[in-house]
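Spelled out from the first residue to the last, the chains are:
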Amino acid sequence: MAAQICAAVRTLTRHFAMRQTAGEDAALIRADVREHAERAFDLLERGVGGYCPRPEPGTLSLPRVAERSTPAPR
């Protein structure tokens, strides 16, 4: 999954750089690249199924640490 995310970021960055080098306005490129990024990451999110679902707002909690069954060494 990490490789797919990195590939998407690398591709979007390269796309931006190539267009900027060609002389296009950065604000226009950013708007277009944002649309491409939303599409790419939407496809990635849907393609991985339940691998790492985004938590609903306000539901993120840290796991509880299990209590030790034996005393800690001194």
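The structure presented is a predicted model; accordingly, all values stated were derived computationally and were not measured.

Quick notes on the rules
Residues numbered from 1 in each chain as written. Predicted model: local features only at pLDDT ≥ 70, side-chain atom pairs only at ≥ 80, totals over all residues. Heavy atoms only, no water. Helix = DSSP H or I, 4+ residues; strand = E, 2+ residues; numbered from the N terminus. Expected span 1.5 Å × (residues − 1). Buried < 20%, exposed > 50% of the residue type's maximum accessible area, 1.4 Å probe, protein only. Arc of directions from axis to C-beta. Contact = heavy atoms within 4.5 Å.

Visitor: In this structure, what is going on with helix α1 (residues 2-21)? I would like to understand it.
Guide: Residue pairs three or four apart in sequence face the same way in an α-helix, which turns once every 3.6 residues. Helix length check: α1, at 20 residues, gives a terminal C-alpha distance of 28 Å against a target of 28 Å (1.5 Å per residue), a fit within 8%. Taken as a whole, α1 has its buried residues at Ala8, Leu12 and Arg19. Taken end-on, α1 shows its buried residues confined to a sector of 35°, consistent with a single buried face. Facing away from the buried surface of α1 by more than 90 degrees, the exposed residues are Ala2, Ala3, Arg10, Arg14 and Thr21.

Visitor: Got a minute to help me understand helix α2 (residues 26-47) in this structure?
Guide: Its 22 residues give α2 an end-to-end C-alpha distance of 31 Å, which sits within 8% of 32 Å, the value for a rise of 1.5 Å per residue. Of the positions making up α2, those classed as buried are Ile29, Val33, Ala37 and Leu44. End-on view of α2: buried residues confined to an arc of 70°, all on one side of the axis. Relative to its buried face, α2 has exposed residues pointing more than 90 degrees away, namely Leu28, Arg34, Glu35, Arg39 and Arg46. Where α2 is buried, its residues contact α1.

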